[in-house]
Every structure is written in C-alpha cells, then in structure tokens.
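Analysis of the macromolecular model
If you want the building blocks of each chain, they are given just below.
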Amino acid sequence: MNGIILKSPKILLFVVLILLMFMNCNETNKIKRIKLGHGLDTNHPVHKAMVFMAERIEKQSTGRIKIDIYSSQQLGSQRECLELLQLGSLGMTKVSSSVLESFAPEFEIFALPYLFRNDDHRFKVYEGKIGRDLLHGLVKYRLMGLGYYDAGNRSFYTRSKLIKSPEDMTGLKLRTQESAMAISLVNTLGGAATPISWGELYTSLQQGVVDGAENNLPSLYTSRHYEVCKYLSMDEHTSIPDVILISHLIWEKLSKNEKKIIQEAVDASVKYQKEIWQDETKFALKKIQDSGVKIIYPDKAAFIKKIEPIYRSYINKRGGSLLLQIKGVK
C-alpha cells in the first residue's frame, strides 16, 4: 500500500485532502472555553445575568463555546481581571465603570454625581450612540466592551451614624472603589475616602478600618454589609454601570459567527438583568429594613450644591463635550 501511495500522485493528493478535511473538522468541533472572572456573590443579579449569558452562548453555539464563570474574586480583583484581559490571560470580566476609568479615562464621565435626570435618561445613554461609542473605543486599550449591566443608584451606609447632610460626613472614613472620581466625591462632601478591595470590605467594616461605604441596594444585601452597618442614607449620589468585557486579543481570534453569538447573548442578558434588577432591588430593600437598618431619604439639594467643584474640575480636565451630549439626551 505504501508503494502504491508513493507512486500515485492522484492517490497521494486524495489522502492529503482527506487529512486536511479531518483536521478542519476537528478544529471546527473543538470546544472553546472562555474564563470569566468577577468579584460579585453568586446571588447577585449581575452574576445571574452572566449565567444567563453563558447558557445562551453554549446553546446558540451548540456547545462549541463554553463560558466558565468564576465569582467572588476567585481570579483576582476587578483591576487585576482587567490587567489579565489586556494580556489575553483571561477571557471575560465584569467591572464597575469606576474601576474601568483607570484604564480608559473616558469612562470617568459615569462617576460624576447626579449625572442622570432619572432611570429613563441613563438607559438611553447606555443603550444609545454615546454608550456604544464608549464601548467600541475600548479597543485601543486592548479591551472589547460588549454591554452595560444596570447597577442602580449608589448611596452611603455607615456603622454608627446617619448621613442626613454633607456636614454629617465630616471625618468619616468611607470605603470607595479605586476611582479618582469616587475618591474626589467623598472628599469633596467632607469625608475621608479610603479605597479598599470589595472582597476585604466586610472585615474592614467589622474591625472599624472604615466607618462606612457606598453602593447599590442589591450589593449591600448580598455582601451582608447591613449586618455591620445599621444606617443607610438614600442620597443616590451616583448611577455607575457595570461593564461586561472580553479581551480584544481573544475577540480577534473568534470567527465572525462566534462574535455574533457572544454579542447577541450579551445583549439578551442585558435585557434580562435589567428586568430582574428592579425585583432584586425591592427584595434587598425589604430585607435590609427587616434586619433593623435605619433608612432615610435626605434632601439631595445640599449634596448637589456641595459637589459643584467636581464638575468644574472635570470640565477643566476632560472638556465639556461628552457631558453636554449626555445632558442633551432626551
């Protein structure tokens, strides 16, 4: 048989073609596993949305693409996950845009306090041209933005006192994300901003390393910070989205159809998360109230006036073009 193959170019060509077809078939059927790391608890609505996304991707790809989700900072902090994404060592992640702003300064806009008029306004920004342009602009940072998850409104919660006005924040050590804007917000309002990793915050609150923190209701509930912090001031100072990202290095290795499957699954998960977020927020508020946390809704006017220097500083540094675009969205 070997002699026949060597002496017959036609047979040799036929065998080569069969081998190439077999190799291409194996490559086509090869399962692609993409690791997704994030810092939230598995009960969090954003985690549930990512599970929804992963299941949809696996189904639409007929099992050829699998997303392995690692929650609760198993693969590192938000900053560390972004760095791994840039290197192509991690496939996907979800981070707060406040952390993303250290990598992509354009995203600092979302950390401006009282930026949006209402929920409808912010969703129009996330889902419209402004939001899409910001996501697509991440390519120059070796990242690929796929969508925004709703992260509601952030408010202050503390261990020992209610924050009724900015004056009540004087001297309070308040945990912030690793965000220049978040740090500026707390300091401008009179507090002492203290950046701490989300995974270390519960212990830091218990031990009095910080006097309080700020976040949305589902995060306050799923983190169980309400066990330590018995005062919640619903000042709703910022509405900072979560951003779902994929490594641009990995994205470029995907086929056109694979990219389509992933993007469509992310889009569907964004809609799903937006729906469950409202229910989860109401549920979290009730559970937090039932636990004995004292909740107030302070007059926001004093807070809005106090943070005016932040807007002046932002415009001096970044210009006012993007801000005007967002404010002009109807």
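In what follows, the accompanying structure is described.

This paragraph deals with the overall build of the chain. Within the chain one finds 15 helices and eleven strands. The dimensions of the chain, computed from C-alpha atoms along their principal axes, are 95 × 45 × 30 Å. Sorting the 330 residues of the chain into buried and exposed places 51% on the buried side. For the chain, restricting intrachain contacts to residue pairs at least 6 apart in sequence, the fraction spanning at least 24 positions comes to 75%. Split by element, the accessible area of the chain, about 15900 Å² in all, is 55% carbon and sulfur. Where the 46 positive side-chain charges of the chain centre and where its 35 negative ones centre are 4 Å apart.

In terms of burial, strand S9 (residues 231–238) is largely enclosed, as six of its eight residues are buried. Strand direction decides the pairing type here: S9 and strand S11 (residues 294–296), joined by three bridges, are parallel. For Leu232, the partnering residue across the bridge sits in S11 and is Ile295.

Here the structure, examined in full by the defined rule, presents 21 salt bridges. Between Asp242 and Lys94 there is a salt bridge whose closest N-O contact spans 3.3 Å. Here Asp242, found in strand S10 (residues 242–247), pairs with Lys94, found in strand S3 (residues 92–96); they are 148 residues apart in sequence, far enough to count as distant. Here Asp242 matches Lys94 in class, with each residue buried. One salt bridge in this structure joins Arg318 and Glu108, with 2.9 Å as the shortest N-O distance. Of the two residues, Arg318 is situated in helix H14 (residues 308–318) and Glu108 in the loop between helix H5 (97–100) and helix H6 (119–127); the sequence distance between them amounts to 210 residues.

Each α-helix turn comprises 3.6 residues. Residues three or four places apart therefore point the same way. For helix H7 (residues 129–136), the set of buried residues is Ile130, Gly131, Leu134 and Leu135. Seen along its axis, H7 keeps its buried residues to an arc of 130°; they face one direction. Contact partners of the buried residues in H7: H6, strand S4 (143–149), S10 and helix H15 (321–327).

Moving on: the sheet that holds S3. Read across the open sheet, the five strands follow the order S2-S1-S3-S10-S4; overall the sheet is mixed. In the strand order of this sheet, the two ends are held by strand S2 (65–70) and S4, each with one partner. With direction set aside, neighbouring strand axes in the sheet form an average angle of 25°. Across two bridges, strand S1 (residues 32–37) lies against S3 in parallel orientation.

Conventions adopted
Residues numbered from 1 in each chain as written. Predicted model: local features only at pLDDT ≥ 70, side-chain atom pairs only at ≥ 80, totals over all residues. Heavy atoms only, no water. Helix = DSSP H or I, 4+ residues; strand = E, 2+ residues; numbered from the N terminus. Buried < 20%, exposed > 50% of the residue type's maximum accessible area, 1.4 Å probe, protein only. Contact = heavy atoms within 4.5 Å. Areas by Shrake-Rupley, 256 points an atom, 1.4 Å probe, with all protein chains shown as cover. Lys, Arg positive; Asp, Glu negative; His and termini not counted. Charge placed at Lys NZ, Arg CZ, Asp CG, Glu CD. Pairing = 2+ DSSP bridges. Salt bridge = Lys/Arg side-chain N within 4 Å of Asp/Glu carboxyl O. Arc of directions from axis to C-beta. Axes fitted to C-alpha atoms, helices over the stretch in contact; angles between N-to-C directions.

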